[in-house]
Amino acid sequence: MSAPGAVPPPPSPSPSPSFPAPGYPGPGSRSRSPMVLRHLISAVVALVLTPIGIMVFDYGSGKYLQERARTFDNSNAAGELVLLVLGALILLAVAVTARISGLGPVLAGLVWGGIPFVWFVADLPGFYEFAQDLPSTHFWFTAPSYLFPLVGTLLVGAGLAGAWRGRLR
């Protein structure tokens, strides 16, 4: 309470709080696309790009191993190394989709890394029979014992890291 005859304080220069104009987000709110759309985009991009990245990487690594076994030299392996890097960059793009939604890389890691590895471990002859039936003369999956677990683990890890982004402060 103020003493009798005291002058009240002047009004503050800032305007009174009001609601934002329609169509504009208020302070502290973010304009985001709907959550379902983010999850869908991330999942579709990750599930489509992951097998492409694995096949490009595997093709480059298989050709690189053949070149090294034939010549015992790396001098003629520039094309194969470019394919290895291109496949790695495609898989990196899949990991980056975790920034949109962590669901995409987790699904891609389980579908394109976990399931083929379990199939490789459970049914080795069936796995290689399928690999020989792929439409190509290339010997696919020269090292599935580390290719699939590595891809699966890294993509699931990227997805989980993307899902936890910005929550700890």
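About the thresholds
Residues numbered from 1 in each chain as written. Predicted model: local features only at pLDDT ≥ 70, side-chain atom pairs only at ≥ 80, totals over all residues. Heavy atoms only, no water. Salt bridge = Lys/Arg side-chain N within 4 Å of Asp/Glu carboxyl O. Helix = DSSP H or I, 4+ residues; strand = E, 2+ residues; numbered from the N terminus. Buried < 20%, exposed > 50% of the residue type's maximum accessible area, 1.4 Å probe, protein only. Axes fitted to C-alpha atoms, helices over the stretch in contact; angles between N-to-C directions. Parallel < 35°, antiparallel > 145°, perpendicular 65-115°, else oblique. Contact = heavy atoms within 4.5 Å. Nonpolar A, V, L, I, M, F, W, Y, C, P; charged D, E, K, R; others polar. Expected span 1.5 Å × (residues − 1). Arc of directions from axis to C-beta. Phe/Tyr/Trp six-rings, centres within 6.5 Å; stacked < 30°, edge-to-face > 60°.

Draft legend 1. The arrangement of the pattern of salt bridges in detail. Considering all chains together, one arrives at one salt bridge under this definition. Close ionic contact of E67 with R70 constitutes a salt bridge, the shortest N to O distance being 3.4 Å. Taken together, the positions of E67 and R70, both in helix α1 (residues 35-71) and three residues apart, correspond to about one turn of that helix. With relative accessibility at 10%, the residue E67 sits in the buried group. Given a relative accessible area of 59%, R70 falls into the exposed group.

Draft legend 2. Quick look at the packing of helix α3 (residues 103-122) against helix α4 (residues 124-133). With their axes 5 Å apart at the nearest point, α3 and α4 run at an angle of 120° to one another. Considered as vectors, α3 and α4 are oriented oblique to each other. Counted together, P116, W119, F120 and A122 of α3 and L124, G126, F127, Y128 and F130 of α4 form the full contact between these two elements. Counted by class, the contact of α3 with α4 contains eight nonpolar, one polar and no charged residues.

Draft legend 3. Inspection of the environment of K63 at higher detail. Tracing the sequence through the fold places K63 in helix α1. Since its relative accessible area comes to 27%, K63 is described here as partly exposed. On a C-alpha basis, the gap between K63 and E80 in space is 6.1 Å, while along the polypeptide they are 17 residues apart. The residues touching K63, leaving out its near neighbours within four places in the chain, are E80 and H138.

Draft legend 4. Structural view of the environment of G109. With respect to the helices and strands, the residue G109 is situated in helix α3. With relative accessibility at 1%, the residue G109 sits in the buried group. Aside from chain neighbours lying at most four places away, what touches G109 is G114, G152, L155 and V156.

Draft legend 5. Geometry of helix α2 (residues 78-96). With 19 residues, α2 ought to run about 27 Å at 1.5 Å a step, and its terminal C-alpha atoms sit 27 Å apart, in line with that. The set of residues buried in α2 consists of E80, L84, G87, I90, L91 and V94. Along α2, the residues classed as buried sweep out an arc of 125° about the axis, all on the same side. Residues of α2 that are exposed and angled more than 90 degrees away from the buried face: A78, V82 and V96. Each element contacted by the buried residues of α2 is listed here: α1, α3 and α5 (144-163).

Draft legend 6. Layout of the environment of G60. Checked against the element boundaries, G60 lands in helix α1. Distance in space between the C-alpha atoms of G60 and L81 is 6.6 Å, their sequence separation being 21 residues. Leaving out residues up to four positions away in the same chain, G60 has contacts with E80, L83 and L84.

Draft legend 7. Fine view of the packing of aromatic side chains. Inspection of the entire model under this criterion finds twelve aromatic pairs. With centroids separated by 6.1 Å and ring planes inclined at 5°, the aromatic side chains of Y128 and F139 adopt a geometry described as stacked. Taken as a pair, Y128 in helix α4 and F139 in the loop between α4 and α5 lie far apart in primary sequence, eleven residues in all. Taking the centre distance of 5.2 Å and the plane angle of 55° together, the rings of F141 and F148 count as tilted. Its relative accessible area of 7% is what places F141 among the buried residues. You can call F148 buried: its relative accessible area is 3%. Counting every residue linked through ring pairs, the aromatic cluster contains Y59, F117, W119, F120, F127, Y128, F130, F139, W140, F141 and F148.

So far we have only geometry, and geometry alone does not tell us how the molecule works.
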